[in-house]
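What follows is each chain in one-letter form.
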Amino acid sequence: MPAFDIRAKVVSNVRVTDNVCVLTFAMIEPQELQFKAGQYLFVHASERVLRPFSISSSPDNITTFEFCIEVIPDGVASNYLWNLKEHDEVLLKGVFGSFVYHKDPDIEEIFMIATGTGIAPIKSMLLYELNHGEKRPTHLLFGESMAKDFYYLDIFAELIKKYPNLTCDLCASRDQKEGYINGRVQTALEKYFPIGKKSSFYICGGRQMIMDVSDLIIKNGGDAKHIYHEKFF
Ligand SMILES: Cc1cc2nc3c(=O)[nH]c(=O)nc-3n(C[C@H](O)[C@H](O)[C@H](O)COP(=O)(O)OP(=O)(O)OC[C@H]3O[C@@H](n4cnc5c(N)ncnc54)[C@H](O)[C@@H]3O)c2cc1C
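No experiment lies behind these values; they were computed from the predicted model shown. (Residues numbered from 1 in each chain as written. Predicted model: local features only at pLDDT ≥ 70, side-chain atom pairs only at ≥ 80, totals over all residues. Heavy atoms only, no water.)

Draft legend 1. Spatial organisation of the overall build of the protein. Regarding its fold elements, the protein presents 5 helices and 11 strands. Here the protein has a C-alpha radius of gyration of 17 Å; the compact-globule value for 233 residues is 17 Å, and the two agree. Seen through its principal axes, the protein has C-alpha atoms that stretch 50 × 40 × 35 Å. Put simply, 71% of the contacts in the protein that link residues at least 6 apart link residues at least 24 apart. As displayed, the protein has an accessible area near 11,600 Å², and 52% of this comes from carbon and sulfur atoms. On the protein, the mean spot of the 25 positive side-chain charges and the mean spot of the 30 negative ones are 2 Å from each other. (Helix = DSSP H or I, 4+ residues; strand = E, 2+ residues; numbered from the N terminus. Rg over C-alpha atoms; globule rule 2.2 N^0.38 Å. Contact = heavy atoms within 4.5 Å. Areas by Shrake-Rupley, 256 points an atom, 1.4 Å probe, with all protein chains shown as cover. Lys, Arg positive; Asp, Glu negative; His and termini not counted. Charge placed at Lys NZ, Arg CZ, Asp CG, Glu CD.)

Draft legend 2. Molecular detail of the environment of Ser214. When you line up the elements, Ser214 lands in helix 5 (residues 207-219). Its relative accessible area of 13% is what places Ser214 among the buried residues. Sequence-wise, Ser214 and Pro164 are 50 residues apart; in three dimensions their C-alpha atoms are separated by 27 Å. The residues contacting Ser214, other than those within four sequence positions of it, are Ile203 and Ile227. Here Ile210 takes part through its backbone oxygen, which lies 2.7 Å from a polar atom of the side chain of Ser214. (Buried < 20%, exposed > 50% of the residue type's maximum accessible area, 1.4 Å probe, protein only. Polar contact = N/O pair within 3.5 Å; in protein donor to acceptor, adjacent residues only side chain to side chain.)

Draft legend 3. Broad picture of the site of the ligand. Surrounding the ligand, one finds 19 residues, the nearest of these being Arg51, Pro52, Cys68, Ala77 and Ser78. A distance of 2.9 Å separates a nitrogen atom of the ligand from a polar atom in the backbone of Cys68. A distance of 2.8 Å is found between an oxygen atom of the ligand and a backbone nitrogen or oxygen belonging to Ala77. Considering the ligand on its own, with 930 Å² of exposed area, one finds that the protein chains cover 71% of that surface. (Near = heavy atom within 4 Å.)

Draft legend 4. Focus on unusual backbone geometry. The linkage connecting Glu29 with the following residue, Pro30, adopts the cis geometry, with an omega of -10°. Within the secondary structure, Pro30 is located in the loop between strand 2 (20-29) and strand 3 (40-44). Residue Val95 is bonded to the preceding Gly94 through a cis peptide linkage, with omega at -15°. The backbone of Asp74 shows a phi angle near 65°, a positive value even though the residue is not glycine. As for its placement among the helices and strands, Asp74 is situated in the loop between strand 5 (64-70) and helix 1 (76-82). Of note in the backbone geometry, His87 takes a positive phi value of approximately 80° without being a glycine. If you trace the backbone, His87 turns up in the loop between helix 1 and strand 6 (89-96). The exposure class assigned to His87 is exposed, which follows from its relative accessible area of 56%.

Draft legend 5. Structural context of the UniProt feature "domain: FAD-binding FR-type" (unreviewed entry) in the protein. Sequence positions flagged by UniProt for "domain: FAD-binding FR-type" (unreviewed entry) are, in local numbering, residues 3-102. Taken end to end, residues 3-102 is 7% helix and 47% strand, and its first and last C-alpha atoms sit 22 Å apart. (UniProt positions renumbered as here; feature names shortened; annotations may be inferred.)

Draft legend 6. Quick peek at the sheet that holds strand 9 (residues 166-172). The 5 strands lie next to each other as 9-8-7-10-11, forming an open sheet whose pairing is parallel. Two strands close off the open sheet at either side, each with one partner strand: strand 9 and strand 11 (227-231). Mean inter-strand twist for the sheet, computed between neighbouring axes without regard to direction, equals 10°. One ladder, built from 6 bridges, connects strand 7 (residues 109-115) with strand 10 (residues 199-205); its direction is parallel. Bridge pairing in strand 10 places Ile110 opposite Ser200. On top of the sheet, helix 2 (residues 119-131) reaches strand 7, strand 8 (138-144), strand 9 and strand 10; it is set at about 150° to strand 7, its chief contact. On the sheet, helix 5 packs against strand 7, strand 10 and strand 11 and is oriented at approximately 165° with respect to strand 10. (Pairing = 2+ DSSP bridges. Axes fitted to C-alpha atoms, helices over the stretch in contact; angles between N-to-C directions.)

Listed below in C-alpha cells is the structure:
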C-alpha cells in the first residue's frame, strides 16, 4: 500500500517509567488505520524532523493506536512525543515496515525478544497472534536494566493467564529482584539450548543486542533464516 498522511489526536499520555511514556491516539483522518502487527509510522516532530515509531497496539484496534516512547536526552522527536497532551493533534505518515509475523506452519516454537521500547512491535504481534489462534509455544524475553524500568507487565500477565502456550522472562541486567532474571535476554535464552531448527525469532531493540542474540541463536542450533529483527538505533 502506498504511504499516506495521517492526522491523529492524543487520547492519553501516561508516563510509565522515569523515561518511557505510553501514548494513545485516536484516528482523525483517515478514520481507520489498517496495519500489520510489527509495523511502524513516521511522526512529523517538526517541519524537518520525521522519525519512525512502532505501533505497540494490536491491529484489531483500527480507530486508535498506541506508541511506547523512550525520551532521549535532547532527542527532538522523543521529547516532542513525551510532552504531548490530551487533545493535541499529530501528523504522521504510514504504514511502513517488514518486521511482521511469518505464519510458517513448519515452525514449532516462537521466541519474541525485546529490550527497552523494542517491546512495542513485539507486544503488537503477541496481542494479535495469540488472539487469532496462535497455539504453538511462544516465549517472550523482555530485557531492561532495572526491575523498575519494566511496564506492560499487567498486560503480559493477563495474556499468560489466557494463553497457556505463552511464557515470559523478565531480564533485569543490572538488578537482583525476585521474579526477574538477573542478566540480559541472552541469559534467559540459554535455558532453551540447544535451539531447534524449527524455532523462529523476532528480535527488536538496539543493534548490538540484535547482533549478539542472533550470533547466540545460530551458535546454539538455530536457523538464521528464521531470525527476523527490527533495529531501533
Ligand atoms: C523502525 C523503527 C521503529 C522505532 N520505534 C520506536 C519506538 O516504538 N519507541 C521508541 O522510543 N523509539 C523508536 N525508534 C527510535 C526513534 O525512531 C528515534 O530514533 C528515537 O526516538 C530518537 O529520536 P529523537 O529525535 O528523539 O533523537 P535524535 O534527535 O535523533 O537523537 C539524539 C541523540 O540520541 C541518540 N539516540 C537516538 N536514539 C537513541 C536511543 N534509542 N537510545 C539512545 N540514544 C539514542 C542519537 O544517536 C543522537 O545522538 C524506532 C526506530 C526505528 C528505526
